Amino acid sequence: MTIYQWFIFFLGVQLIHGLGTWRLYEKAGRKSWEAYIPLYNSIILMKIINRPTWWTFLLFIPVINLLMFPIVWVETLRSFGKNTSLDTFLGVITLGFYIYYINYTQDVNYIADRSLKPTNTVSDTVGSLLFAIIVATFVHTYFIQPFTIPTSSLEKSLLVGDFLFVSKYNYGARTPMTAVAAPMVHDTLPFIHKKSYLKWPQLPYFRFPGYEKIKNNDIVVFNWPVDTVYKFFDKSGMKADKPIDKKSNYVKRCVAIAGDSLSIKDGIVFVNGKELVLPERAKPQFSYKIAYDSNAPIDFENIIKELDITDAYGVNQTRDTLFFSALPMSSVEKLKSVTGIKSVTRIISKDIDKTIFPHTKNWNLDNFGPIYIPKQGKSVAINLETLPFYSRIITIYENNKLEIKGSDIYINDKKETSYTFKQDYFWMMGDNRHRSEDSRYWGYVPENHIVGKPIFIWMSIDGINDGIKNWKIRWSRLFTTVSGDGEPVSYFKWFLGFLALYFIGDYFWKKRKVTKG
């Protein structure tokens with residue numbers, strides 16, 4: 001929905017509210033017109049149901065308002081004496097339209113001083129649970145969200161089985177674009193495996209100001225731009241057309257930001273003509289061919305363990321060659337020093353690969369570009385040669401009509417030779433260069449797809465995909481930061497220490513209160 005369409009929808013909702021409650025406003029001693037004024041009517045309604053004014057704020061927060069609406073419906077009914085279980089059920093099941101029936105057919109009395117205390121244990125429990133869900137949803141949506149690393153594309157920096165806290169406020173929290181969705185789940189409801197959202201209505205994109213911009217080498221969580229996956233690991237072939245904020249979450253390293261020029265030469269990334277210098281914690285990995293003396297007593301199993309090599313497989317045709325598909329560059333010299341190993345050669349892709357973006361060039365994973373990363377407000381020449389780079393931006397990401405007539409290009413029915421970008425774009429890649437599906441395959445990541453910045457690993461489980469019996473906690477990774485200089489340092493001991501101090505302090509505090517009493 002555009003801003004104009006959303007505004008009309010918003011006014012329609014206000015009209016529906018006014019038509020369904022104006023007599024109840026009068027019964028409560030207010031003016032009937034107060035039921036129709038946007039925002040003001042919510043403030044007045046909070047006074048009528050004897051709830052704090054700040055509840056109005058919650059009514060306008062996407063997703064959270066879905067939890068608040070049923071509460072307000074029930075509170076409204078109870079303020080006019082409709083407090084039976086049947087009234088509550090009808091108020092919720094009719095999406096609040098039961099209030100219409102009360103408004104027009106019932107001669108109710110307003111209870112100004114009704115008790116707000118729960119009438120029984122069930123009501124108290126439900127109320128506490130709803131409040132907890134609202135608070136958790138607010139934190140989850142606008143501040144910190146937990147994620148799990150399922151693949152090895154950022155291996156060594158982030159491992160399969162790492163559990164992350166991702167900050168929404170570093171780059172600025174994005175308000176949900178999908179207005180009707182289940183709280184604290186992504187695109188699928190657990191257990192029943194059904195879609196967790198409705199595609200309509202969609203809110204316009206909006207992002208609160210962050211306190212930092214995405215920089216080169218930042219690890220970023222984003223919505224996968226070309227996601228049509230119905231469900232990961234599903235073999236049925238079903239596809240789904242998902243809203244932006246419900247597309248699958250990916251985590252990669254941002255190697256180039258808006259305005260940069262990027263190229264890859266023999267697997268090495270160059271940004272603006274200079275080799276990209278990765279931080280110390282980054283461990284770029286490539287495929288290597290290892291030639292060795294088949295008669296030498298080489299314990300490859302122990303070598304793989306010592307060098308912490310992620311993927312290795314042998315080719316037995318010559319009995320003297322081994323391939324490592326994800327070997328950190330930092331381990332190459334160590335491997336060369338092993339007695340019996342003749343050579344360690346990095347494998348560089350030479351063949352043309354048309355699966356590589358933009359699918360029209362003679363490029364591959366290791367030799368790519370140069371390519372310009374679009375920046376908001378900047379213009380580029382548009383012709384038949386450059387169009388493959390930007391056609392998806394023009395049509396999908398920035399919602400324009402695109403037509404090609406002969407050698408001419410028409411955007412929104414107007415012949416164009418240039419195009420000006422409406423938002424920033426980024427280039428995301430995995431450190432595991434030959435085992436990462438990233439921007440080299442599907443291109444740019446739009447700013448409105450950015451989710452947040454991973455800041456903290458609170459749990460890490462080795463063998464997370466191998467069944468619970470094979471799980472092993474990586475204690476050294478618990479409570480480590482994702483970014484920073486030097487190797488990661490675990491703050492788990494500090495956490496346990498502070499936790500122990502809290503419980504000890506709480507024990508003596510309670511004991512002191514009992515003694516004084």
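Residues numbered from 1 in each chain as written. Predicted model: local features only at pLDDT ≥ 70, side-chain atom pairs only at ≥ 80, totals over all residues. Heavy atoms only, no water.

Looking only at helices and strands, the protein chain has twelve helices and 22 strands in total. Dimensions of the protein chain, computed from the C-alpha atoms along their principal axes, are close to 95 × 80 × 40 Å. Long-range contacts, defined here as pairs at least 24 residues apart, represent 66% of the contacts in the protein chain between residues at least 6 apart. For the protein chain, the distance from the average site of its 63 positive side-chain charges to the average site of its 47 negative ones is 6 Å. (Helix = DSSP H or I, 4+ residues; strand = E, 2+ residues; numbered from the N terminus. Contact = heavy atoms within 4.5 Å. Lys, Arg positive; Asp, Glu negative; His and termini not counted. Charge placed at Lys NZ, Arg CZ, Asp CG, Glu CD.)

Once that is clear, we can look at unusual backbone geometry. Between Trp-200 and Pro-201 the backbone carries a cis peptide bond, its omega angle lying at 0°. Residue Pro-370 is bonded to the preceding Gly-369 through a cis peptide linkage, with omega at 10°. If you trace the backbone, Pro-370 turns up in strand β12 (residues 368–372). You will see that Phe-191, though not glycine, has its phi angle at about 75°, which is positive. Notably, Phe-479 is not glycine yet its phi reads approximately 60°, a positive angle. You can see Phe-479 is positioned in the loop between β21 (472–473) and β22 (480–481).

With that out of the way, let us pick up the sheet that holds strand β7 (residues 274–275). Strand order in the open sheet formed by four strands is β7-β6-β5-β12, with antiparallel pairing between adjacent strands. Edge positions in the sheet fall to β7 and β12, since each has one partner strand and no second. With three bridges joining them, strand β5 (residues 261–265) and β12 adopt antiparallel strand pairing. Along β12, the bridge assignment pairs Ile-264 with Phe-368. (Pairing = 2+ DSSP bridges.)

As a further point, take the nonpolar core. Counting 30 residues, the largest nonpolar core has Leu-262, Ile-371, Tyr-390, Trp-427 and Tyr-444 as the members making the most contacts within it. Listing elements by their share of this core, those giving two or more residues are β4 (249–256), β5, β6 (268–271), β12, α10 (387–397), β15 (408–411) and β18 (425–429). By residue number, the principal contributor to this core is α10, which donates six residues. Of all hydrophobic cores here, the second largest spans 28 residues; its members include Leu-24, Ala-28, Trp-55 and Ala-173. (Core = buried A, V, L, I, M, F, W, Y, C linked by side-chain atoms within 4.5 Å. Buried < 20%, exposed > 50% of the residue type's maximum accessible area, 1.4 Å probe, protein only.)

Counting buried positions along strand β3 (residues 219–223) yields five of five residues, so the element is predominantly enclosed. Burial of β3 is two-sided: the residues Ile-219, Val-221 and Asn-223 facing one way and the residues Val-220 and Phe-222 facing the other way are all buried. Note: β3 against β4, five bridges, orientation antiparallel. Residue pairing for β4: Val-221 is matched across the bridge by Val-251. Of the strand pairs in this sheet, β3 and strand β20 (residues 450–462) are connected by two bridges, and their pairing is antiparallel. Within β20, the position partnered with Phe-222 by the bridge is Ile-450.

Summed over all chains, the structure comprises 21 salt bridges. Lys-215 is paired through a salt bridge with Glu-212; the nearest N and O atoms lie 2.9 Å apart. One salt-bridge network, held together by shared partners, links Asp-162, Asp-462, Arg-474 and Arg-477. (Salt bridge = Lys/Arg side-chain N within 4 Å of Asp/Glu carboxyl O.)

You can see Ser-79 is positioned in helix α4 (residues 64–79). Here Ser-79 falls in the buried class, since its relative accessible area comes to 0%. Side chain to side chain, Ser-79 and Arg-114 meet in a polar contact 3.0 Å long. Not counting chain neighbours up to four residues away, the residues in contact with Ser-79 comprise Ile-48, Ile-49, Asn-109, Tyr-110, Ile-111 and Arg-114. (Polar contact = N/O pair within 3.5 Å; in protein donor to acceptor, adjacent residues only side chain to side chain.)

A complete count under the given rule lists 43 aromatic pairs for this structure. Judged by centre distance (5.4 Å) and plane angle (40°), the ring pair of Phe-97 and Tyr-100 falls under tilted. Ring plane angle 55° and centroid distance 4.7 Å describe the contact between Trp-363 and Phe-368, whose orientation is recorded as tilted. In this structure, Trp-363 and Phe-368 share a single accessibility class: buried. Taken together through their ring pairs, the aromatic side chains of Phe-357, Trp-363, Phe-368, Phe-389, Tyr-390, Tyr-397, Tyr-419, Phe-421, Tyr-425, Trp-427 and Tyr-444 make up a single cluster. Above the plane of the ring of Phe-270 lies Lys-265, whose end atom (NZ or CZ) is 5.2 Å from the centre. (Phe/Tyr/Trp six-rings, centres within 6.5 Å; stacked < 30°, edge-to-face > 60°. Lys NZ or Arg CZ within 6 Å of the ring centre and 35° of its normal.)

Packing of α4 against helix α5 (residues 85–93) brings their axes to within 9 Å, and their N-to-C directions diverge by 140°. By the criterion of interaxial angle, the relationship of α4 to α5 is oblique. When the axes of α4 and α5 are compared, the crossing they make is right-handed. Where α4 abuts α5, its residues Pro-70, Trp-73, Val-74, Leu-77 and Arg-78 lie against Asp-87, Thr-88, Gly-91 and Val-92. Looking at the contact of α4 with α5, its residues break down into five nonpolar, two polar and two charged. (Axes fitted to C-alpha atoms, helices over the stretch in contact; angles between N-to-C directions. Parallel < 35°, antiparallel > 145°, perpendicular 65-115°, else oblique. Left-handed = near helix turned anticlockwise from the far one by under 90°. Nonpolar A, V, L, I, M, F, W, Y, C, P; charged D, E, K, R; others polar.)

Moving on, we get to the side chain of His-434. Relative to the assigned elements, His-434 resides in the loop between β18 and α11 (439–442). Ignoring anything within four residues of it in the chain, the contact list for His-434 reads Gln-285, Ser-287, Ser-325, Ile-347, Ser-349, Leu-365 and Asp-366.

With that settled, the discussion passes to the sheet that holds β15. In spatial order, the strands read β14-β15-β16; together these three strands make up an open sheet with antiparallel pairing. Each edge of the open sheet is held by one strand with a lone partner, namely β14 (402–405) and β16 (414–415). Note that β14 and β15 share four bridges and pair antiparallel. Paired with Leu-402 across the bridge in β15 is Ile-411. With respect to the sheet, α10 is in contact with β14 and β15, its orientation differing from that of β14 by roughly 140°.

By the secondary structure assignment, Ser-379 is in strand β13 (residues 379–381). You can call Ser-379 partly exposed: its relative accessible area is 46%. Sequence separation between Ser-379 and Gly-486 is 107 residues; the distance between their C-alpha atoms is 40 Å. The contacts of Ser-379, once residues within four sequence positions are left out, are Tyr-419 and Thr-420.

Attention shifts here to α4. In this model, α4 (16 residues) spans 23 Å end to end at C-alpha, consistent with the 22 Å of a helix rising 1.5 Å per residue. Residues of α4 that are buried: Ile-64, Asn-65, Leu-67, Met-68, Ile-71, Val-72, Trp-73, Val-74, Glu-75, Thr-76, Leu-77 and Ser-79. Remark: Gly-81 follows α4 within two positions and exhibits a positive phi of approximately 80°. (Expected span 1.5 Å × (residues − 1).)

Remember that the coordinates give geometry; whether it matters functionally is a separate question.
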